[in-house]
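Observations on the model geometry
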Amino acid sequence: FINHWCRHLREFDVINRRGFQAGVQSGELQFAGYHQYNRALCLFHLGTNLNELGTELEELARFGDRTRNQHATDPIAAASRVAADLRGETPTPGAFAPGAANDLAFVHDLETRNARPALCHYNVLKIQALFLYGRSDLAEPLIQFVEAHLAYVPGHIAVAVHTFYASLVAVALA
């Protein structure tokens, strides 16, 4: 989870896969799930082709579902929602509601379960997408939420991504 602070993010995969395999082989499926959610977010932040990312996220989510690891599946679901939005699979750009899935219901579910890391990751991804859509005005309140919750994702690449996009939004709104 800290490799990206001293090496390029693309180098995460070898270490992440080893961690996942160690978790599976030792029966520490919760640990393995954390590596799956880290993989999902790192692939998103690397700029993986959105169609390839969608396929990969589906596979990662299946592992989390099989092991009933909600802490791991929530950030994967968050990345899936934003990737679907960026692929144009939502009613409007920035709706973050693929199919019949409602963004407010998803956020409410995370809040009800006190899934703060997932909420933080989800909002970091939404800020990125909203900036890309030219909707910095909608990103600004999410920035405030993320900044109040960054302690739930210490050291994760999301901290750097958030800082980058929060700065871009600030410049766009200036």
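The paragraphs below set out a description of the structure included in this document. All values derive from a computational prediction rather than experimental measurement. (Residues numbered from 1 in each chain as written. Predicted model: local features only at pLDDT ≥ 70, side-chain atom pairs only at ≥ 80, totals over all residues. Heavy atoms only, no water.)

1. Details of the packing of helix α3 (residues 50-67) against helix α4 (residues 70-86)
For the pair α3 and α4, the least separation of the axes is 9 Å and the interaxial angle reads 155°. Looking at the two axes, α3 sits roughly antiparallel to α4. Relative to α4, the crossing made by α3 is left-handed. Of the residues in α4, those in contact with Leu50, Leu53, Leu57, Leu60, Ala61, Gly64 and Asp65 of α3 are Thr73, Ile76, Ala79, Ser80, Ala83 and Leu86. When grouped by side-chain class, the residues that make up the contact of α3 with α4 number nine nonpolar, three polar and one charged. (Axes fitted to C-alpha atoms, helices over the stretch in contact; angles between N-to-C directions. Helix = DSSP H or I, 4+ residues; strand = E, 2+ residues; numbered from the N terminus. Parallel < 35°, antiparallel > 145°, perpendicular 65-115°, else oblique. Left-handed = near helix turned anticlockwise from the far one by under 90°. Contact = heavy atoms within 4.5 Å. Nonpolar A, V, L, I, M, F, W, Y, C, P; charged D, E, K, R; others polar.)

2. A word on the layout of surface pockets
Roughly 200 Å³ of internal volume is contained in the largest pocket. Lining the largest pocket are 13 residues, with Leu57, Glu58, Ala61, Ala77 and Ser80 positioned closest to its centre. Among the elements of the structure, α3 and α4 are those that each provide at least two residues to the lining of the largest pocket. A per-element tally of the lining of the largest pocket places α4 first, with six residues. A class-by-class count of the residues in the lining of the largest pocket yields six nonpolar, three polar and four charged. Estimated volume of the second largest pocket: approximately 160 Å³. Every residue lining the second largest pocket is counted, 13 residues in all, and those nearest its centre are Asp103, Val107, Asn123, Lys126 and Leu142. Elements with a minimum of two residues in the lining of the second largest pocket: α5 (103-112), α6 (116-132) and α7 (136-149). Across the lining of the second largest pocket, the residue classes tally to eight nonpolar, two polar and three charged. (1 Å grid on protein atoms, 1.4 Å probe; cavity = no way out; pocket = protein on both sides within 12 Å on 5 of 7 lines; lining within 4 Å. Points joined across faces, edges and corners; volume = space filled by probe spheres on them.)

3. A short note on helix α1 (residues 12-26)
A rise of 1.5 Å per residue sets the reference length of α1, with its 15 residues, at 21 Å; its end C-alpha atoms lie 21 Å apart and thus fit the reference within 8%. All of the buried residues in α1 are Phe12, Asp13, Asn16, Gly19, Phe20 and Gly23. Taken down its axis, α1 places every buried residue within 130° of arc, on the same side. Among the exposed residues of α1, those pointing more than 90 degrees away from its buried face are Arg18, Gln25 and Ser26. If you follow the buried residues of α1, they end up packed against α2 (29-45) and α3. The first or second residue beyond α1 is Gly27, which carries a positive phi of 80°. (Expected span 1.5 Å × (residues − 1). Buried < 20%, exposed > 50% of the residue type's maximum accessible area, 1.4 Å probe, protein only. Arc of directions from axis to C-beta.)

4. Topic: the pattern of salt bridges
One pass over the full model with this rule turns up nine salt bridges. A salt bridge links Asp13 to Arg39; its shortest N-O distance comes to 2.2 Å. Of this pair, Asp13 sits in helix α1 while Arg39 sits in helix α2, and the two are 26 residues apart along the sequence. By the burial criterion, Asp13 is buried, and Arg39 matches it. Residue Arg62 is joined to Glu59 by a salt bridge in which the shortest nitrogen-to-oxygen separation is 2.8 Å. In this pair, Arg62 and Glu59 are both assigned in helix α3, three residues apart and thus about one turn of the helix distant. (Salt bridge = Lys/Arg side-chain N within 4 Å of Asp/Glu carboxyl O.)

5. Focus on the environment of Ala148
Within the element layout of this structure, Ala148 appears in helix α7. Look at Ala148 and you get exposed, because its relative accessible area is 58%.

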